[in-house]
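Examination of the molecular architecture
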Amino acid sequence: MTETSNLHIAVVGGGPGGYAAAFLAADLGLQVTLIDPELNPGGVCLYRGCIPSKALLHVAKLIDESRHAKNWGVDFADPKIDVARLRGWKEGVVKKLTGGLGLLSKQRKVEYVQGRAAFENSNTLRISKTGGADQNLTFDRIILATGSRPAMIPSLSLDSPRVMDSTSALDLSEVPGTLLVIGGGYIGLELGTVYAALGSKVSVVEMLPGLLPGADRDLVLPLHRRVEKIFDSILLNTTVVAIKEESNGIRVTFDGSEVKESEKVFARVLVSVGRKPNSEIAGLEKTQVGVGPRGFVEVNKQMQTSDPTIYAIGDLVGEPMLAHKASHEGRTAVEAIAGHKVAFEPAAIPAVVFTDPEIAWCGLTETQAQKENRDIKVAKFPWAASGRAMTLDRTEGMTKVVLDPHTERVLGVGIVGAGAGELIAEGVLAVEMAAVAKDLALTIHPHPTLSETIMEAAEVSFGTSTDIYRPKKA
Ligand SMILES: Cc1cc2nc3c(=O)[nH]c(=O)nc-3n(C[C@H](O)[C@H](O)[C@H](O)COP(=O)(O)OP(=O)(O)OC[C@H]3O[C@@H](n4cnc5c(N)ncnc54)[C@H](O)[C@@H]3O)c2cc1C
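A quick note: this is a predicted structure, and the numbers were derived from the prediction, not measured.

Definitions and cut-offs
- For every chain, the first residue of the written sequence is number 1, and numbering continues from 1 along that sequence.
- Predicted model: local features are reported for residues with pLDDT of at least 70 only, side-chain atom pairs are reported and counted for 80 or more only, and whole-chain, interface and lining totals are derived from all residues.
- Hydrogen atoms and water are omitted, and side-chain values are computed over all heavy atoms in the structure.
- Per the convention used, a helix needs a DSSP run of H or I reaching at least four residues, while a strand needs a run of E reaching at least two, with both numbered from the N terminus.
- Exposure classes here rest on a 1.4 Å probe applied to the protein chains alone. A residue is buried below 20% of its type maximum, exposed above 50%, and partly exposed in between.
- Note on contacts: a residue pair is in contact if any heavy atoms of the two residues lie within 4.5 Å.
- Note on areas: Shrake-Rupley with a 1.4 Å probe; residue coverage comes only from the protein chains shown.
- His is not counted, nor are the chain ends; Lys and Arg add positive charge and Asp and Glu add negative charge.
- Charge positions come from single atoms, namely NZ of Lys, CZ of Arg, CG of Asp or CD of Glu.
- Between any two strands, pairing holds if DSSP finds at least two bridges.
- The path from the first strand over the helix to the second decides the hand: if it runs clockwise while the strands point away from the viewer, the crossover is right-handed.
- Within this document, salt bridges are pairs made up of a side-chain nitrogen of Lys or Arg and a carboxyl oxygen of Asp or Glu, the two lying within 4 Å of each other.
- Throughout, nonpolar core names a set of buried Ala, Val, Leu, Ile, Met, Phe, Trp, Tyr and Cys residues whose side chains join them through atoms within 4.5 Å.
- Axis definition: a line fitted to C-alpha atoms, limited for helices to the stretch in contact. Angles are taken between N-to-C directions and run from 0 to 180 degrees.
- Should the near helix be turned anticlockwise from the far one by less than a right angle, the crossing is left-handed, and should it be turned clockwise, the crossing is right-handed.
- Residues are grouped as follows: Ala, Val, Leu, Ile, Met, Phe, Trp, Tyr, Cys and Pro are nonpolar; Asp, Glu, Lys and Arg are charged; all remaining types, including Gly, are polar.
- Expected helix span is given by 1.5 Å per residue-to-residue step, counting one fewer step than there are residues.
- We call a residue near a molecule or strand whenever a single non-hydrogen atom of that residue lies within 4 Å of it.
- The definition of a polar contact used here is a pair of N or O atoms within 3.5 Å, where within protein one atom must be able to donate a hydrogen and the other to accept one, and adjacent residues in sequence count solely through side-chain atom pairs.

**Considering the overall build of the protein**
Regarding its fold elements, the protein presents 13 helices and 22 strands. Buried positions account for 49% of the 474 residues belonging to the protein. If you take every contact in the protein between residues at least 6 apart in sequence, the share linking residues at least 24 apart comes to 61%. Element-wise, carbon and sulfur atoms account for 53% of the exposed surface of the protein, whose accessible area totals about 22,400 Å². For the protein, the distance from the average site of its 50 positive side-chain charges to the average site of its 56 negative ones is 2 Å.

**So, the pairing of strand 2 (residues 31-36)**
Among the six residues that make up strand 2, five are buried, leaving the element largely enclosed by the rest of the structure. When strand 1 (residues 8-12) meets strand 2, the two strands line up parallel, connected through five bridges. Paired with Val 12 across the two strands is Ile 35, which belongs to strand 2. Taken together, strand 1, helix 1 (residues 16-27) and strand 2 constitute a β-α-β crossover, and its handedness is right-handed. Here four bridges tie strand 2 to strand 3 (residues 111-119), and the two strands are oriented parallel to one another.

**A short note on the pattern of salt bridges**
Evaluated as defined, the whole model comprises 24 salt bridges. With a closest N to O distance of 3.9 Å, Lys 90 and Glu 91 form a salt bridge. Shared partners join several salt bridges into a network, and the residues in it are Asp 64, Arg 226, Asp 356, Arg 394 and Glu 396.

**A word on the nonpolar core**
Most often, soluble globular proteins have nonpolar side chains that are buried together. In terms of nonpolar packing, the biggest core is built from 47 residues, with Ile 9, Leu 125, Ile 142, Ile 143 and Leu 144 touching the most fellow members. Sorting elements by how many residues they give to this core places helix 1 first, with seven residues. Setting aside anything within four residues of it in sequence, one finds Ile 9 in contact with Ala 25, Leu 30, Gln 31, Val 32, Thr 33, Phe 139, Arg 141, Ile 143 and Ile 337. In terms of nonpolar packing, the next biggest core, distinct from the first, is built from 40 residues, Val 59, Ala 169, Leu 179 and Val 202 among them.

**Some remarks on the packing of helix 1 against helix 8 (residues 323-337)**
Two elements in contact, helix 1 and helix 8, have axes separated by 7 Å at closest approach and are oriented at 35°. Read as a crossing pair, helix 1 and helix 8 show a hand that is right-handed. Within the contact between the two elements, helix 1 uses Pro 16, Gly 17, Ala 20, Ala 21, Leu 24 and Ala 25 and helix 8 uses Ala 323, Ala 326, Ser 327, Gly 330, Arg 331, Val 334 and Glu 335. Looking at the contact of helix 1 with helix 8 residue by residue, the class counts come to eight nonpolar, three polar and two charged.

**Regarding the pairing of strand 4 (residues 124-129)**
Of the pairings in the sheet, the one linking strand 3 to strand 4 comprises five bridges and is antiparallel in character. Note that in strand 4 the partner of Phe 119 across the bridge is Leu 125. Hairpin connection, strand 3 to strand 4: the antiparallel pair is bridged by four residues. Where strand 4 and strand 5 (residues 134-138) come together, five bridges link them in antiparallel fashion.

**Some thoughts on unusual backbone geometry**
A cis amide bond links Asp 356 to the next residue, Pro 357, at an omega of 5°. Examined against the element boundaries, Pro 357 turns out to sit in the loop between strand 18 (351-353) and strand 19 (358-363). The omega angle of the peptide bond from His 447 to Pro 448 is -5°, so this bond is cis rather than trans. Tracing the backbone through its elements, the reader meets Pro 448 in the loop between helix 12 (437-442) and helix 13 (452-461). Backbone geometry places Met 303, a non-glycine residue, at a positive phi of 70°.

**Quick word on helix 6 (residues 186-198)**
A rise of 1.5 Å per residue sets the reference length of helix 6, with its 13 residues, at 18 Å; its end C-alpha atoms lie 19 Å apart and thus fit the reference within 8%. Where burial is concerned, most of helix 6 is hidden: 11 out of the 13 residues are buried. For helix 6, the complete set of buried residues consists of Gly 188, Leu 189, Glu 190, Leu 191, Gly 192, Thr 193, Val 194, Tyr 195, Ala 196, Ala 197 and Leu 198. Downstream of helix 6 by a residue or two, Gly 199 has a phi angle that is positive, lying close to 125°.

**A look at helix 8**
Taking 1.5 Å as the rise per residue, helix 8 with 15 residues should run 21 Å; its terminal C-alpha atoms sit 21 Å apart, in good agreement. At its buried positions, helix 8 is contacted by strand 1, helix 1, strand 6 (141-144) and strand 17 (310-312). Where helix 8 ends, the next residue or the one after it, Gly 339, has phi of about 90°, a positive value.

**A short note on the sheet that holds strand 9 (residues 178-182)**
Read across the sheet, five strands follow the order 8-15-9-10-11 without closing on themselves; strand pairing throughout is parallel. Edge strands, defined here as strands with exactly one partner in the open sheet, are strand 8 (163-164) and strand 11 (233-235). Direction of pairing for strand 10 (residues 201-205) relative to strand 11: parallel, over a ladder of three bridges. Bridge pairing links Val 204 to Ile 234 in strand 11.

**Some remarks on the site of the ligand**
Taken together, 38 residues surround the ligand, and among them Gly 17, Asp 36, Lys 54, Asp 315 and Ala 323 come closest. One of the backbone N or O atoms of Ser 148 is found 3.5 Å from an oxygen atom in the ligand. A distance of 2.9 Å is found between an oxygen atom of the ligand and a side-chain nitrogen or oxygen belonging to Asp 315. Starting from 990 Å² of accessible surface for the ligand in isolation, the protein chains cover 95%. Counting only elements with at least two residues in the shell around the ligand, the list comes to helix 1, strand 2, helix 2 (43-48), helix 3 (50-68), strand 3, helix 5 (166-171), helix 6 and helix 8. Per-element tally for the shell around the ligand: the top contributor is helix 2, with four residues. Residue composition of the shell around the ligand, grouped by class: 17 nonpolar, 15 polar and six charged.

As structure tokens, then:
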């Protein structure tokens with residue numbers, strides 16, 4: 001048997017799953033080769049996902065706030081947007097971060113190979129180096145972290161620069177006069193928010209009855225109300241059945257009970273209908289790796305596939321397709337390879353929608369509890385009662401805790417409001433540490449902050465929130 005400290009492992013894919021795995025493996029003393037087509041690690045998250053979208057959303061928020069400032073007696077002139085400089089700034093952020101990861105790889109002596117990997121057998125990879133010859137390398141263990149790509153519906157794929165996916169939308173080649181976002185999920189809403197702030201008339205079409213399907217409706221409502229103001233239209237229960245290029249744009253045909261105009265021309269269309277795992281890895285059939293019906297590689301709690309030498313992590317292995325899930329799975333896989341007793345079984349994986357307001361949740365949601373017929377107690381604290389929310393002029397938010405009605409254990413937390421994405425971390429800790437509502441209520445939170453809304457939501461569950469008056473029952 002090989003000593004774990006002498007193991008040579010390959011990590012295929014340099015996204016947040018892959019580089020987190022490679023770096024931990026190096027920290028634990030394993031020999032590591034990390035393979036990815038880009039110049040530096042980063043994957044979708046850094047090059048064409050989390051980071052560029054958040055950089056642009058920051059600017060969108062600033063533009064929006066500058067317009068809103070007149071309500072507070074401050075008048076700014078209309079912003080002049082230099083798209084080339086904005087693009088340059090966003091690309092600068094990506095370059096700095098990915099360059100930093102390249103440096104961290106070198107410092108840790110991770111062998112970074114720019115190229116693509118294919119399987120020769122369960123231990124051997126054929127690596128096609130970018131600008132170089134193919135090379136076969138044999139490893140003791142291989143971690144697959146090849147991530148995912150935008151899903152495309154065949155009837156909506158049109159070879160035109162006017163039809164974008166999230167990657168081309170982030171390229172920001174221009175700000176179109178009109179933009180149709182197909183899909184009311186988080187990526188579509190985030191990118192729609194960016195383009196609306198930059199000046200596009202944005203419409204969103206979603207085939208289901210609400211935006212952000214799957215999220216609790218009371219969290220989505222304040223966002224829906226706000227985006228109704230910044231978007232040109234939101235078409236729910238509506239399907240796009242055809243798109244066709246014309247000289248002045250893309251003609252879109254809609255179908256659905258609420259459709260008023262069955263055809264409309266948009267300068268650009270963003271197709272944002274989900275993501276597909278990159279499991280079509282060349283030569284995978286030469287291994288025993290199992291792939292499920294939706295294309296996800298099947299793994300156990302140690303992230304090991306049905307081929308004992310091969311592990312898989314991140315978007316490649318299933319929902320939620322989120323960077324932080326990928327990183328934690330990557331670290332679990334490495335620890336398992338290093339012989340530690342580990343399992344990937346989190347009590348809560350936070351989800352954040354970085355719109356304005358933000359929506360964030362973790363652990364058990366009300367929607368999920370309803371589906372599973374679970375008995376829960378929900379306590380909500382409206383931000384209209386929060387001093388900090390008032391000072392920010394953002395009182396539309398709400399914080400809720402989902403509790404076990406018998407033990408008061410915190411099972412989930414949901415937040416909608418400015419900065420919800422930062423606030424949710426406390427909820428994740430509460431769920432992971434098996435906190436009860438009293439723990440949150442007794443934890444002294446700084447004043448005036450939005451974090452107090454978590455403490456107050458817990459107090460609401462006892463009917464004793466300082467800032468909410470509940471008349472006594474007669
Ligand atoms: C617009 C957008 C916004 C997003 N925002 C967020 C967010 O705010 N928060 C969040 O948590 N998540 C966000 N995500 C999702 C997040 O980007 C993914 O969940 C995350 O990147 C998954 O990480 P991963 O390591 O599994 O794979 P990826 O990041 O997809 O990386 C996989 C890498 O593997 C490489 N690869 C593929 N095949 C091979 C091969 N054969 N050989 C070598 N390399 C290969 C790919 O080129 C890629 O570099 C966003 C995604 C998008 C598109």
